[in-house]
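Now for the letters of each chain:
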Amino acid sequence: MFVYRADSKPFGKGQSSRKEVYLPEGNVRSMAAYRDPETGKSFVYVTQAEKTVPEQDKKKDRIRYVVDPGQFVNKITVHDGDRGDVLREIEATRPHGVIVRNGFLFVLQGDGGKWTVSRVVLEKGFPNGNLERVFDVPGTILPSDLEVDRSGRFYLSDTKANKVYQLNAQAGILHTWGAEEQKPGKYDPNALMAPSKLATWTGQDGKDQVDGNVKHVHVADVVGEVEGHLQHESGE
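Residues numbered from 1 in each chain as written. Predicted model: local features only at pLDDT ≥ 70, side-chain atom pairs only at ≥ 80, totals over all residues. Heavy atoms only, no water.

Draft legend 1. Structural view of the overall build of the protein. Scanning the protein for helices and strands turns up zero helices and 19 strands. The buried share among the 236 residues of the protein stands at 43%. Across the protein, contacts joining residues at least 24 apart in sequence account for 38% of those joining residues at least 6 apart. Roughly 13400 Å² of accessible area belongs to the protein as shown, and the carbon and sulfur atoms make up 47% of that amount. (Helix = DSSP H or I, 4+ residues; strand = E, 2+ residues; numbered from the N terminus. Buried < 20%, exposed > 50% of the residue type's maximum accessible area, 1.4 Å probe, protein only. Contact = heavy atoms within 4.5 Å. Areas by Shrake-Rupley, 256 points an atom, 1.4 Å probe, with all protein chains shown as cover.)

Right, here's the structure in full:
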């Protein structure tokens, strides 16, 4: 496993099947990019949970790296967004999701039994202090990824439940996308198929939007409540 730039420019000093890449110690579950408005410098934040260890690939006579579920790195590395150099590390318990929004770095972390959304304020791209808890994820949700929109609302995908949840900062569930049950042989416009990675952005209409791999969600404020409209979108 390695992190590289899609434009083939160097991002680190490691070598794998590509040259000049970043070789993480742990399994990368999520990354976030950010450009500091004050300094103009770019940063990349990489979550690392389970430790990766070398293993002999006998078929191809080479060393490959695999995830060891019994060992954990438990950190987020802060990288120079241009060169990939590691500038700082943040301690986090099995981080799964990371996003920068409204001057904060938000992190979804947990050991599988208890999940927490935490945050730390960013100062010129660097964390100012330690991660502080925002809320504990409701026990009915097994989160896969985290997103935050410009209004400060949180989104959690639950791959096994085929749902995406919208929550406030007090862990209150504002809205849920995904049918309770997928009926075989029938099309259900509200059904989701294993949503995992999420993305939020503001559309041309000024409304917040969420993408969950195969579904596209338009989010609109309606006098104290939230309406969601789902449309099919190609995805893998």
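Draft legend 2. Structural view of the pattern of salt bridges. Going through the model one piece at a time under the given rule, you end up with 10 salt bridges. A salt bridge links R5 to D7; the nearest nitrogen and oxygen atoms lie 2.6 Å apart. Across the salt bridge formed by R133 and D136, the nearest N and O atoms sit 4.0 Å from each other. On the basis of relative accessible area, D136 is assigned to the partly exposed category, the value being 27%. Each of E25, K75 and E89 takes part in one network of salt bridges that share partners. (Salt bridge = Lys/Arg side-chain N within 4 Å of Asp/Glu carboxyl O.)

Draft legend 3. How the structure looks around the packing of aromatic side chains. One pass over the structure, following the stated rule, counts six aromatic pairs. Each ring, one from F43 and one from F126, has its centre 5.2 Å from the other, and the planes form 75°; the classification is edge-to-face. Residue F43 is found in strand β4 (residues 42-57), and its partner F126 is found in strand β10 (residues 126-127); the two are separated by 83 residues along the sequence. The exposure class assigned to F43 is buried, which follows from its relative accessible area of 3%. Consider the rings of F106 and F154, whose centres lie 5.5 Å apart with planes at 80°: the pair is edge-to-face. With F106 in strand β8 (residues 104-110) and F154 in strand β13 (residues 154-158), this residue pair connects regions lying 48 residues apart in the sequence. Residue class for F106 comes out buried when judged on its relative accessible area of 6%. An aromatic cluster of at least three residues, connected via ring pairs, comprises F104, F106, F135 and F154. (Phe/Tyr/Trp six-rings, centres within 6.5 Å; stacked < 30°, edge-to-face > 60°.)

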